Amino acid sequence: MNASPTPNDTPAPEDPGALVAARRAKLADLRTTLGVEPYGRRVDGLVAAAAARSSFDEAAHAAYEASQAARKADPAAPVDDRRPRARIAGRVMQHRDLGKLVFFWLRDSSGDLQVSVSKANVSEAEFQLAKMLDYGDLVTAEGPVGRTNKGETCIWASSCELSAKSLAPPPGKWHGLEDPEIRYRKRYVDMYSNPETVRVFEQRSRIVSLVRRFMESRSYLEVETPMMQPIAGGAAARPFVTKHNALGMQLFLRIAPELYLKRLMVGGMRQVFEINRNFRNEGVDRSHNPEFTAMEAYQAFGDYMTMLEMVESLVHHVACAVAGCPEGGDGPVLPFGQLQIDYRKPFERVRYEELFARAFGFDMRDEAKVRAWAKEHHVEKAATLDHWLLVNELFEEKAEALIDPARPTFVLDYPSAISPLTRPNRKQPEIAERWDLFIAGMEIGPAYTELNDPDIQLAKFTEQLAGADDEESTFRTLDEDFVESLRVGMPPAGGMGMGIDRLVMLLTNSESIRDVILFPLMRPQ
RNA sequence: GAUUGCGUAGCUCAGCCGGUAGAGCAAGCGGCUUUUAACCGCUAGGUCCUGGGUUCGAAUCCCAGCGCAAUCACCA
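Owing to the predicted nature of the structure, the values given are computational and were not obtained by experimental measurement.

Undergrad: Give me the pairing of strand E14 (residues 339-342): which residues, what numbers.
TA: Across a regular strand the side chains alternate sides, sitting on one face of the sheet and then on the other. Two elements, strand E13 (residues 333-336) and E14, share four bridges in a ladder whose sense is antiparallel. Across the sheet, residue Pro335 finds its bridge partner in E14, namely Gln340. From the end of E13 to the start of E14, which pair antiparallel, there are two residues, and Gly337 there has a positive phi angle of about 60°.

Undergrad: Describe in detail the protein's contact with RNA strand B, supporting the description with residues and values.
TA: Every one of the 53 residues lining RNA strand B counts as a neighbour, but Arg96, Lys150, Lys173, Glu181 and His288 are closest to it. Protein-proximal atoms of RNA strand B, defined as those within 4 Å of the protein, fall in sugar or phosphate at a share of 63%. Here a sugar or linking oxygen of RNA strand B sits 2.4 Å away from a polar atom, N or O, in the side chain of Glu181. For RNA strand B, a base nitrogen lies 2.8 Å from a polar atom in the side chain of Gln464. Those elements that provide at least two residues to the surface near RNA strand B are helix H1 (18-34), strand E1 (85-97), strand E2 (101-108), strand E3 (111-118) and helix H5 (180-185). Counting residues per element, the surface near RNA strand B draws most heavily on H5, which supplies four residues. For the surface near RNA strand B, the per-class residue count stands at 20 nonpolar, 14 polar and 19 charged.

Undergrad: An account of the pattern of salt bridges is requested, with residue identities and associated values reported.
TA: Enumeration according to the criterion identifies 40 salt bridges in this entry. Glu258 serves as the salt-bridge partner of Lys262, at 2.9 Å between the closest nitrogen and oxygen. Of this pair, Lys262 and Glu258 are both found in helix H8 (residues 258-267), four residues apart, which corresponds to roughly one turn of the helix. One exposure class covers both Lys262 and Glu258, and it is buried. Each member of the salt-bridge network shares a partner with another, and the members are Arg351, Glu353, Asp363, Arg365, Asp413 and Glu430.

Undergrad: Give me the lowdown on the sheet that holds strand E8 (residues 228-229), citing residues and values where you can.
TA: Paired through their backbone hydrogen bonds, the strands of a sheet run either parallel or antiparallel. Spatial strand order, E8-E10-E9: three strands in an open sheet with antiparallel pairing. Every other strand in the sheet has two partners, leaving E8 and strand E9 (241-244) as the edge strands with one partner each. Direction of pairing for E8 relative to strand E10 (residues 249-253): antiparallel, over a ladder of two bridges. The partner of Gln229 across the bridge, within E10, is Phe252.

Undergrad: Report on a negative patch on the surface, specifying residues and quantitative values.
TA: Negative charge collects at one region of the surface, where Glu380, Glu393, Glu396, Glu397 and Glu443 lie side by side. Here the element with the most residues in the negative patch is helix H12 (residues 387-399); it accounts for three residues.

Rules behind the numbers
- Residues numbered from 1 in each chain as written.
- Chains lettered and ligands numbered in written order.
- Predicted model: local features only at pLDDT ≥ 70, side-chain atom pairs only at ≥ 80, totals over all residues.
- Heavy atoms only, no water.
- Pairing = 2+ DSSP bridges.
- Helix = DSSP H or I, 4+ residues; strand = E, 2+ residues; numbered from the N terminus.
- Near = heavy atom within 4 Å.
- Polar contact = N/O pair within 3.5 Å; in protein donor to acceptor, adjacent residues only side chain to side chain.
- Nonpolar A, V, L, I, M, F, W, Y, C, P; charged D, E, K, R; others polar.
- Salt bridge = Lys/Arg side-chain N within 4 Å of Asp/Glu carboxyl O.
- Buried < 20%, exposed > 50% of the residue type's maximum accessible area, 1.4 Å probe, protein only.
- Patch = residues over 30% accessible without salt bridge, like charges linked within 9 Å, V, L, I, M, F, W, Y side chains within 5 Å.
- Areas by Shrake-Rupley, 256 points an atom, 1.4 Å probe, with all protein chains shown as cover.
- Lys, Arg positive; Asp, Glu negative; His and termini not counted.
- Charge placed at Lys NZ, Arg CZ, Asp CG, Glu CD.

Below, the structure is given as structure tokens:
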């Protein structure tokens, strides 16, 4: 049991500052003076602000205005009001009190719409409420959709009602909320203050949906495999550790679903995919969050080129849908920061060793030259590192930079030594049938021809474990059951992985992964 | 984990060559039936991130810590 907090060292639950006090005073006033319940009730028949705006009828508006003008000359003249009516709900974003006329804007996820409240058109209590509203309050309003003299489309309120009093001081109405720290910590404020934030997450939802539908259209079956695993396999990342109390067992949050999805192919599922969270206990930067969403897909009797065609079509298809370009067309060019990324098919393809040779001027198999270059350029562990690990160090240092960031590029045929789950090429066993897709300098995902020979797989695992240092070996364990599943027999297969967050970053022009994750990990405070 | 930068009113920011804090918006009071960052008058609003140090005096200079950002490292 923790010590119970004492009143003295417990921070106040909210800022008791003057801004909050003023709102609390209004809250009390609403109840006592106006008899208004500040936390609302069910409201039926709501339409989106954007829909209300577009329901504006020019002819009906003109007829109404004309009949009102006529009544000025002759009060007995009939009112011609055929204006459409609408009921909307939203957050007060602007508020102007002109005495006997009050204007405010309501913002919902579809946009902003002005509500105009004339003292003549509503009850006294409603009018006083309209005058008292604060930025951030949640309000519903109902009335005819018309226009003001200044041409602003609005709802001329017949009634308005408070749905929730906002007690928190809102961000400024002009600059909104810009501080990235508060935007991430208080996403709920960011979302109403910066409508483009909501747009990004709507796009994210749509992109994920497009990916799912694409996969389903190609007969892949969506599955869910364990997020808590007794052995964290399928990638070489540091896992998060947790514990099951009743069973007294250590569990890891998964770093990848790979080894489970492959078991499904052993079981007879031909095409599977999973879109879900992976957890990696690593650093945080613009393209890494400790929990991130990935898709993995496997196709029995395919290979890495099956996956290449699939991923190329998938990315192209989704980019097309996001850009709104015709399906049969060339394909879109979408901005990402300073880049204009050209998603036209076919994507670039370049062999790993070719890129290496272009960057260094010698063959990656030339151990002497590789080691000499590494020594000369002071690559860490140049003397002790295995040749192929060194090759990959050099590749990442200099060759990846040669990839055109404005063109999606498949780098094909990685060294086998750095690809333990990949089938080596039959003619050149030092090469693995694996590619990585790069866009805008980011690794979007790899694909393999999956290794289905249990003896080679076991040898690779064992070798990998032998090379692990003390820290690694605390969480790396041989997944014997996975090897056993390969002994049962896994069909030859192609498999792929893709970072969904990074794909969303690219397609929404968001340069930080935190802008595409609703609640990115933050240090407490 | 390292380096650099930033942290001042609810928000967006100025002040930072040391002399005890300012603007716009937001807030409060008053006025206005067509506003568009409404306008006009008045008022109030701050542990200058935290803790030390230097100094007669620190938002300002120095040190440490915390948070955020960028870059790097880690991420087969």
